[in-house]
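Letter by letter, the chains look like this.
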Amino acid sequence: MDIYMQAARAMQGAIDGKGQLKRLCLQKDVQKKRATYAVAAETTKAMKVLDEILKTSGFYESNPTFWPCLARVMAYDVIFGTGLKGNLKTGQGYAVKKHSSKMKRTLEEIMRKKKVDTPAQLVQGSGSAPRIPVYVRVNTCVTTVDEVIKRLAAEGWKQLSQCEPKTVLSIGPAPASKRGRTPDAPEVVTQGKPGKKKRKLADGTAEDADDDKKKKKKSKKKAKKEQEAAEADPTPDHDGRKVFYRDPILTSLLVFPPYAKFTLVSSAVVKTGQVVIQDKASCLPPYLLLHCLEMQSLLERNSDKPSIGGTHLGPVMDATAAPGNKTTLLAALSRNRRPIYAVERDEERAATLKTRLTQLKVGPKVEVLVKSFLDVDPLQEPYCKVEGILLDPSCSGSGIVDRIEPKSQALEDKVKRQTEEKDRLVKLADFQTRMLLHAAEFPNIRRVVYSTCSIHREENEDVVSAFLSHDDIKGKWGVADIMPGTWATRALPVFQDAQHCIRCTPQNDATNGFFVAVLERIPKKKKKNKKKKAKQTDAESDDDDDAEEPTKVAVAVAEPVAEMAEGEAEEEFEEFEEFEEVEEEEEEEGEEDDGKEVEVTIEDPSVVQKKAAEPEAMDEDEECEEFEEYEEVEEEEEEEEEEP
């Protein structure tokens, strides 16, 4: 009864606006916190169905003073759970147990009316949050996927091949022979003594406790039922249906049925940090930042086709790092070799982040900064060297399926919530846009991955559109095309190339609601020198080769190229062209050229070869001085030839 009462108090507190359901269940005075939250969360998901059953069955008419939240919690265990626990002879437990038969008959009538086969389908169709699988990411900082699969096999889990999310979603909890009564077990009525009927479940467990007289008979019936269930079980070789499969897109991700979450929490692979329970959608941003998934990047020269691993970034930053799931994934994908700066403004959350990094044995390349991302100076060392930023700012969290919050159904409360939600979305969108603009101020930044766990357009497409249309950004940044041939759910067509971004939905992708955009700085195009071809010399004027003039080549701006001799001079020119390309790359990495002409004189083959071998030592002033000296020597030679 303590768990029922604690869960009911948490639900009532959430309805009254005293806090989130999870936080209320994790308060210090709550005993058995995990079990309390599990009961409260599952009851909240089925609250509409439970209210309909309690009202239609006449429970509140028979018990007008019964606390509704407590009635929901206890009714859930009667209808969907494993049955009531605790003292059922007196008080509230007895009242619910006494009315349980009517509740179950009402449930069957509602299922027939709505044409559903199981209570789970009834809950799903009542507007409650959809179910999604449990995703477990292998921590490759300490182990491998194959090792984790072996350890799970030792714990009784079996890997399925060529599986889809709908497959694990259709797998229910363990059959009756493994864990007692199943939630979907139908009821049958058997005739006992004349004038007395006994109602019992299909798995053989009686509703009353009279087992002494018919113990042998019940055992035989139970064994027969178990045998029939085993023959009808689609996975008879699975111990309690403990199954999983490996995700085909993110290969370090293992996918489990929804009911397996609380079993996995107590597993050794979770406790030792070998795996991390993390939603698939939340894993996408780190993979995309490091180009570990298919993407048509703007940073690649040949960006006509999507690729994987086409771009390599230097230091990266997680702008909102706590609790650390994305940061640790970045470290795992980088093999603990890339500098990572994890930014978290809240001291308590930063402490949680540091603890998480230690638990998952992340290397020393991760540095935690306890400050707001907006306070990080983009020009300060070493942050000015950051080339990639992971930006998952504060959002409404409207896409999180597990965030279950019971709410008042009164009309005035609904209107008030809608007004408050609109005002909050405007403030969040403004904050998110400022975060994006600040990320673009880092001098060496090349890629920013923007993501939210929101389903609202205001926080997703509208924020990206506002960023791209900003005066300082327009024409300088673009959107990379994410998994064009793999991910079907695309963003809303709000701006140009909006469908290069992706959305994640529970219905289509079996994940939390999510949005991801990869924003990239458009690289500057190299200025191609329009070199004019050397003028062709007459075949008859071979004598002019000896009096060839010095050659001038324009490096930054296209200028005329003087005549050059054939033979050895052509080889010298080819060597100089290589040097010229090096000069152009160095100039583009620095300041843009103002159009000044750099003159280079080819004096002698040995001089040209020396300059091509040591391009760093060349300077505009030195080149001019050398050219003047060459001219003076040429003049002196001509004067000597003119003298008799």
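These numbers come from a predicted model, not from an experiment. (Residues numbered from 1 in each chain as written. Predicted model: local features only at pLDDT ≥ 70, side-chain atom pairs only at ≥ 80, totals over all residues. Heavy atoms only, no water.)

**Student:** Would you mind going over the sheet that holds strand β2 (residues 158-160) in detail, with residue names and values included?
**Tutor:** Read across the open sheet, the five strands follow the order β2-β5-β6-β1-β7; overall the sheet is mixed. Sheet topology places β2 and β7 (275-277) at the edges, where each strand pairs with a single neighbour. Between one strand axis and the next, the sheet turns through 35° on average, direction left out of account. As paired elements, strand β5 (residues 243-246) and strand β6 (residues 253-256) share two bridges and run antiparallel to each other. What sits directly across from Arg 246, in β6, is Leu 254. (Pairing = 2+ DSSP bridges. Helix = DSSP H or I, 4+ residues; strand = E, 2+ residues; numbered from the N terminus. Axes fitted to C-alpha atoms, helices over the stretch in contact; angles between N-to-C directions.)

**Student:** Can you tell me about the confidence of the model for the chain, naming the residues and giving the values?
**Tutor:** Across the chain, pLDDT averages 77, with 67% of residues at or above 70. Here residues 174-209 scores under 50 on pLDDT; set against residues more than four positions off or in separate chains, the count is 68 contacts. Across residues 530-580, where pLDDT falls below 50, the model places 67 contacts with residues more than four positions away in sequence or in other chains. (pLDDT = per-residue confidence, 0-100. Contact = heavy atoms within 4.5 Å.)

**Student:** Break down the environment of Arg 151 for me, citing the residues and quoting the values.
**Tutor:** Looking at where Arg 151 falls in the secondary structure, it is placed in helix α10 (residues 145-154). The exposure class of Arg 151 is partly exposed, given its relative accessible area of 42%. For the pair Arg 151 and Val 269, spaced 118 residues apart in sequence, the C-alpha separation works out to 7.5 Å. Setting aside its immediate chain neighbours within four residues, Arg 151 contacts Val 269 and Gln 274. (Buried < 20%, exposed > 50% of the residue type's maximum accessible area, 1.4 Å probe, protein only.)

**Student:** Account for the pattern of salt bridges, with residues named and values stated.
**Tutor:** Enumeration according to the criterion identifies 13 salt bridges in this entry. A salt bridge links Asp 392 to Lys 326; the shortest N-O distance between them is 3.6 Å. Placement of the pair is Asp 392 in the loop between β12 (388-391) and α19 (411-439) and Lys 326 in helix α17 (residues 325-333), with a sequence separation of 66 residues. Owing to a relative accessible area of 16%, Asp 392 belongs among the buried residues under this scheme. (Salt bridge = Lys/Arg side-chain N within 4 Å of Asp/Glu carboxyl O.)

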